[in-house]
Amino acid sequence: MGNTKEASAVRMSRIKRKEEATVPAPVLEVRDLDVSRSGDIVVKGATFTINEGDFVGIVGPNGGGKTTLLHAILGILPSKGRIRLFGEGINRFRRWERVAYVSQHAINFDPQFPLSVRELVGLGRVRRGNLGRPLRKEDWSAVDDALGAMDLTELAYRRIGNLSGGEKQRVFVAKALVRDPDLMILDEPVAGVDATTMERFYQRISDLNQERGITVLIVSHDLTAVFCRMSKVMCVNHDVHYANITPDLDHNELLRKGYGEHFHFVFHEHSCEGVFPRP
Amino acid sequence: MRLLEYPFFRNALLGGAITALVCSWVGLFLILRKEAMMADGVAHTAFGGIAIGLFLGIDPILSALVVSILAVLAISYMRKLGLASSDAGTAVMLATGFAGGLIVISLAGGFNIELFTYLFGSILTIDRGDLVTVSSLAVITMVFLGLFYKELLSMTFDEQAARLVGIPVAPLSIAYNVLVAVTIVLSIKVVGIILVVALIVLPGLSALQLNRSFRGTMITALGFGMTSTVLGTFLSAIYDVATSGVIVFTMVGIFLFVAAYRRLG
Ligand SMILES: Nc1ncnc2c1ncn2[C@@H]1O[C@H](COP(=O)(O)OP(=O)(O)OP(=O)(O)O)[C@@H](O)[C@H]1O
Ligand SMILES: [Mg+2]
């Protein structure tokens, strides 16, 4: 249990750091990034900086290159340009335990795969540092914490194949969360989920961002959620446009760069009222 | 239980149980990796190795071990180069190994009786030396599975995610496949080349039907594997029929029983 306390102390200091620092530390810096797939340039000239504590919504049409961009950031795909994670060039970066990623396809696993929810979230504690050793007590208490944070305690011993779509998504976020990351990258984890469940999901992610100080990058097709909840928006359609979400942001001007010039998204300040009721 | 008084029968039970334990454990991962047919492919390749061993007058299990490990490495290599999927690569190695075996046999002047015992197994002839070989190979395999259990599970479930968190997927994958080869060769004495795939696949497949957690599935698979091997050996001695056949039939029986139980319950 001592370890959990330690972990929460780390978290507190992380939040404090965020409050005290006048200039937040950059978590991810991308400069002039080109990413190709099968010879075609899919993302070109991406340049942006994501700071500690940011909550970034990544939007853009299907096939626009959102997943491609994330894969380049994670080093899964080769790219041209510069990527720095926590101040270190991606090729030299080794502290991957600070980054947690949930892939767009995470929930498309074999439904017959024999794993309980708790076992799957436990796999989130598997890392380079404990190679060849069993998970310890403190790993499992971190698992139970993550299950609690994602409201999954009741489902801990259910088989993952028997969960609903929304439950599966929460399980994978719990698996990411259990690594106690500083940066969480979620690729469209709420596709095909009903509106209420989706709102509650974004609420939980927002809590992780605010209460634990985790920097979050999340791909989303829910523009209302992005503009109501998040601090930055990135619109990806080959080009990457990046903006702070402020009351005077012309969201349609930004979105048209990604979705085409006839795109119109009705959004006023009061669009958010009642959408995300806080308890 | 007069049977237990015979040393050869005790050897058979012990050797069979150890083999079943390892086979069902290795097999469960193999099924989940969707590489079950690799077991069959490697077993048939081992046939080539056995023929070479008999031809050259060295321990056929040893030569089979070498040939099977080479086959497994070739399969992974072909997959890595994009020459063939695991499945297709397995088919290629199966054919190559078996054909090689046939050539060697014809050079040696035809089948002999010893070759038959490797094809169909001879659990009742397991002696102390065999027991030592089987147990030491089993210990190596089980230590590996025990140590890297969580890494293997993680990469079996989602290889890309495992790679991202820094699990050395490629070396572990190769080590695991080499142990598949080892496991298969050590099972040849028990059920023979043709039926070894049953020992690897059936316990895991039966356990998977019960929809349990991974831990539960694994324990059940090991239980099914050992029970059917021990039970099969007894039944075959009592009714005096081919042991490997009865062992496999017992496994199929358990599989059908579990399937029926799931439909009804
Ligand atoms: N494995 C691949 N090989 C070649 N091209 C690919 C591959 N995966 C994606 N692409 C192409 O790259 C482009 C960008 O795809 P990407 O998956 O990054 O889009 P996305 O913005 O994530 O879309 P979605 O909203 O549908 O998830 C598309 O034109 C797609 O066809
Ligand atoms: Mg995508």
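All figures in this text were calculated on a predicted structure; none of them were measured in a lab.

A. Quick look at helix α9 (residues 169-191) of chain B. Residues and elements named next belong to chain B. Taking 1.5 Å of rise per residue, the 23 residues of α9 would be expected to cover 33 Å, and the 32 Å separating its terminal C-alpha atoms lies within 8% of that figure. Most of α9 sits inside the fold, with 18 of its 23 residues counted as buried. Where α9 terminates, the next one or two residues include G192, which has phi positive at roughly 90°.

B. Representation of the sheet that holds strand β4 (residues 80-85) of chain A in the model. Residue and element names in this part refer to chain A. Taken together, 4 strands build an open sheet; the order of strands is β2-β1-β4-β5 and the sheet is antiparallel. The two strands at the open ends of the sheet, each matched to only one other strand, are β2 (40-51) and β5 (88-89). Examined bridge by bridge, β4 and β5 share 2 bridges and lie antiparallel to one another. Note that in β5 the partner of R84 across the bridge is G89. Sitting on the sheet, helix α2 (residues 66-73) is in contact with β1 (26-37), β2 and β4, with an inclination near 120° to β1.

C. Quick look at the environment of V219(A). Residue and element names in this part refer to chain A. Inspection of the secondary structure puts V219 in strand β8 (residues 215-219). Residue classification places V219 among the buried residues on the basis of a relative accessible area of 1%. Taking the C-alpha atoms as reference, V219 lies 4.4 Å from I58; in sequence the two are 161 residues apart.

D. Expanded view of empty space enclosed by the protein. Evaluation of the coordinates by the stated rule reveals 4 cavities of 30 Å³ or more. One number sums up the size of the largest cavity: a volume of about 300 Å³. Lining the largest cavity are 23 residues, and of these Y101(A), K175(A), R179(A), A161(B) and V165(B) sit closest to its centre. Those elements that place two or more of their residues in the lining of the largest cavity are β6 (99-102) and α5 (165-177) of chain A together with α8 (159-164) of chain B. When grouped by side-chain class, the residues that make up the lining of the largest cavity number 16 nonpolar, 4 polar and 3 charged.

Quick notes on the rules
Residues numbered from 1 in each chain as written. Chains lettered and ligands numbered in written order. Predicted model: local features only at pLDDT ≥ 70, side-chain atom pairs only at ≥ 80, totals over all residues. Heavy atoms only, no water. Helix = DSSP H or I, 4+ residues; strand = E, 2+ residues; numbered from the N terminus. Expected span 1.5 Å × (residues − 1). Buried < 20%, exposed > 50% of the residue type's maximum accessible area, 1.4 Å probe, protein only. Pairing = 2+ DSSP bridges. Contact = heavy atoms within 4.5 Å. Axes fitted to C-alpha atoms, helices over the stretch in contact; angles between N-to-C directions. 1 Å grid on protein atoms, 1.4 Å probe; cavity = no way out; pocket = protein on both sides within 12 Å on 5 of 7 lines; lining within 4 Å. Points joined across faces, edges and corners; volume = space filled by probe spheres on them. Nonpolar A, V, L, I, M, F, W, Y, C, P; charged D, E, K, R; others polar.

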